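Inside the fold
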There are 2 protein chains.
Amino acid sequence: MSPKVSKEHKEQRRANILEAAKDVFIEHGYEQTTMKHIMDAANVSRGGLYQYFTNKEDVFESLLEEMLGDSVEKAKKLLAEKGLSHWELLLTCLFGEDRTPNNKMHPISATSLEFFITGRKDTRRREYGKMRYYNGVKLFADIIDEGKDCGEFTTSFESETIARTIISYTDGLAVDYAMLPSEDVKLREQSEVFIEYLKAILGVKQ
Amino acid sequence: MSPKVSKEHKEQRRANILEAAKDVFIEHGYEQTTMKHIMDAANVSRGGLYQYFTNKEDVFESLLEEMLGDSVEKAKKLLAEKGLSHWELLLTCLFGEDRTPNNKMHPISATSLEFFITGRKDTRRREYGKMRYYNGVKLFADIIDEGKDCGEFTTSFESETIARTIISYTDGLAVDYAMLPSEDVKLREQSEVFIEYLKAILGVKQ
């Protein structure tokens, strides 16, 4: 008879596996990572790993979900808080709580790109990518819409289109960052220019 | 004794192979394409193919070189021609001779992304990607610099940084386009917004 494991304990185990898998995916990329790598890094048996995840794709998507969940939660909390302008909220979603661009990019971003680019001919993965894309578009478009409603932003362009340009731009930074070291991509300087773009088109005076 | 083949004939043969390879790479992507696919599509023997190219990477890079060469030639010709403003020149480099964004993206762009993203841990491929990145940055930065020199553009931001944002943005469109059909990416609408961004930061009045 196998020992009873509490729900909390199971969740903790799952979280530990994901944490270990994150480092493995960053190190090896998506294609080169195996379930064996993850077992070793998380220090679990094969049975222990497959109890939580059906395959490598499942591990990686769970990891992405968890990371996205965290940032959406943060954004919602900030939306609920009074005091932040919609412009500040946009900057928070883009650059984190200090709203200031820096030279750091999440190290998993290159693996994430690889996951979607190499899987682009797979129907299931395309659907998943599309769902994530539209979630991102909606996050930014909602903030821009609300900023327009309260007169903070100008209404010259559709919020959704502006939101798409934000996604495309950050996807592009991820490509360049995957290929080049950050000192070559100049993330901070580029983001400062991108902020000016957004200010101009949203009519932000600051 | 093998028959003598003129230099022109050889160049033509090589060009034919690249043309056939282009379609193969678009259809199968980079990783899934084999030299056998290319032999079949180009209707050449193994010996006929390896006479021109040492491996798949060589074929693909030669293809990219040829396509880049074409567009740089065009840009140089336009730079030499009188009559185009630097703003029009920028638009030409971005959107082609009619300087108007549309919903089309070169179908090889997804394969090209795959080539660089999956090869990002390979020293040689990284170097090659870096060289191409800086060629692109220089192309745009030179036009912006000249536009500043003749008073057409404002000088608020470094030309090189603006050039980098152009590259990042187009790389991002390529990512989104690789994952989603163009009606979901809305290339034309996004590019219209990006043109407004550039106009604002370069001080273009039109």
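Residues numbered from 1 in each chain as written. Chains lettered and ligands numbered in written order. Predicted model: local features only at pLDDT ≥ 70, side-chain atom pairs only at ≥ 80, totals over all residues. Heavy atoms only, no water.

A few words on the nonpolar core. The biggest cluster of nonpolar side chains holds 121 residues, and the ones touching the most others in it are Leu202 of chain A together with Leu202 of chain B. Those residues in contact with leucine 202 of chain A, other than ones at most four positions away along the chain, are Trp87, Leu90, Ile144, Glu152, Phe153, Thr154 and Ile162 of chain A. (Core = buried A, V, L, I, M, F, W, Y, C linked by side-chain atoms within 4.5 Å. Buried < 20%, exposed > 50% of the residue type's maximum accessible area, 1.4 Å probe, protein only. Contact = heavy atoms within 4.5 Å.)

One can find threonine 33 of chain B in the loop between α1 (7–32) and α2 (35–42). Contacts of threonine 33 of chain B, omitting those with residues within four sequence positions, involve Val24, Phe25, His28, Ile38 and Lys56 of chain B. (Helix = DSSP H or I, 4+ residues; strand = E, 2+ residues; numbered from the N terminus.)

Here the focus is helix α2 (residues 35–42) of chain A. Residues and elements named next belong to chain A. Listing the buried residues of α2 in full gives Met35, Ile38, Met39 and Ala42. Taken down its axis, α2 places every buried residue within 100 degrees of arc, on the same side. Where α2 is buried, its residues meet α1 (7–32), α3 (46–50) and α4 (56–80). Looking one or two residues beyond α2, the residue adopting positive phi is asparagine 43, at roughly 55 degrees. (Arc of directions from axis to C-beta.)

All names here are of chain A. With domains assigned, chain A is organised as domain 1 (1–53) and domain 2 (56–202). Summarising the inter-unit geometry, the C-alpha centres of domain 1 and domain 2 are found 28 Å apart. Listed as interface residues are 14 residues of domain 1 and, on the opposing side, 17 residues of domain 2. Around 1,500 Å² of area is buried between domain 1 and domain 2 when both sides are counted, 68% of it from carbon and sulfur atoms. Of all residues in domain 1, Leu18, Phe25 and Tyr30 bury the most surface against domain 2, accounting for 44% of the area lost on that side. (Domains from an automatic or database assignment. Buried area = accessible area lost by both parts, 1.4 Å probe.)

Applying the stated criterion across every chain, the model contains 26 salt bridges over all chains. Residue glutamate 57 of chain B pairs with arginine 124 of chain B through a salt bridge whose shortest N-O separation is 3.2 Å. A residue pair is termed long-range when its members are at least 10 positions apart, and glutamate 57 of chain B in helix α4 (residues 56–80) and arginine 124 of chain B in helix α7 (residues 123–149) qualify at 67 residues. Judged by its relative accessible area of 47%, arginine 124 of chain B is partly exposed. Residues arginine 124 of chain B and glutamate 61 of chain B are paired through a salt bridge, measuring 2.9 Å at the closest nitrogen-oxygen approach. In this pair, arginine 124 of chain B is assigned in helix α7 and glutamate 61 of chain B in helix α4, connecting sequence segments 63 residues apart. On the accessibility criterion, glutamate 61 of chain B (8% relative accessible area) is buried. When salt bridges with common partners are traced through the structure, they connect Glu57, Glu61, Arg124 and Arg125 of chain A into a single cluster. (Salt bridge = Lys/Arg side-chain N within 4 Å of Asp/Glu carboxyl O.)

Looking now at the interface of chain A and chain B. Taken residue by residue, the interface counts 48 residues in chain A and 49 residues in chain B. Around 4,100 Å² of area is buried between chain A and chain B when both sides are counted, 66% of it from carbon and sulfur atoms. A per-residue breakdown of the area chain A buries against chain B is headed by Arg120, Met179 and Tyr197 of chain A, which together make up 18% of the total. Where chain A meets chain B, there are 4 salt bridges. Here aspartate 184 of chain A makes a salt bridge to lysine 130 of chain B, at a shortest N to O gap of 3.4 Å. Seen at the junction of chain A and chain B, the total is 22 residue pairs in polar contact (both at pLDDT 80 or more). Looking at the side of chain A that touches chain B element by element, the count peaks at 14 residues for helix α8 (residues 159–179) of chain A. When grouped by side-chain class, the residues that make up the side of chain A that touches chain B number 24 nonpolar, 10 polar and 14 charged. (Polar contact = N/O pair within 3.5 Å; in protein donor to acceptor, adjacent residues only side chain to side chain. Nonpolar A, V, L, I, M, F, W, Y, C, P; charged D, E, K, R; others polar.)

Tallied over the full model, the rule gives 23 aromatic pairs over all chains. A ring pair is formed by tyrosine 30 of chain A and phenylalanine 115 of chain A, whose centres lie 4.8 Å apart and whose planes are at 75 degrees; its orientation type is edge-to-face. Taken together, the positions of tyrosine 30 of chain A in helix α1 and phenylalanine 115 of chain A in helix α6 (residues 109–118) put the pair 85 residues apart, joining distant regions of the chain. An identical accessibility class is assigned to tyrosine 30 of chain A and phenylalanine 115 of chain A; each is buried. With a centroid separation of 5.1 Å and an interplanar angle of 10 degrees, the aromatic rings of tyrosine 197 of chain A and tyrosine 197 of chain B are classed as stacked. Residue tyrosine 197 of chain A is located in helix α10 (residues 187–202), and its partner tyrosine 197 of chain B is located in helix α10 (residues 187–202); the two belong to separate chains. This pair shows no difference in class: tyrosine 197 of chain A is buried, exactly as tyrosine 197 of chain B is. In this structure an aromatic cluster arises from ring pairing among Phe25, Tyr30, Phe60, Phe115, Phe116 and Tyr128 of chain A. The lysine or arginine in question, lysine 56 of chain B, covers the ring of tyrosine 30 of chain B, its NZ or CZ lying 4.4 Å from the ring centre. (Phe/Tyr/Trp six-rings, centres within 6.5 Å; stacked < 30°, edge-to-face > 60°. Lys NZ or Arg CZ within 6 Å of the ring centre and 35° of its normal.)

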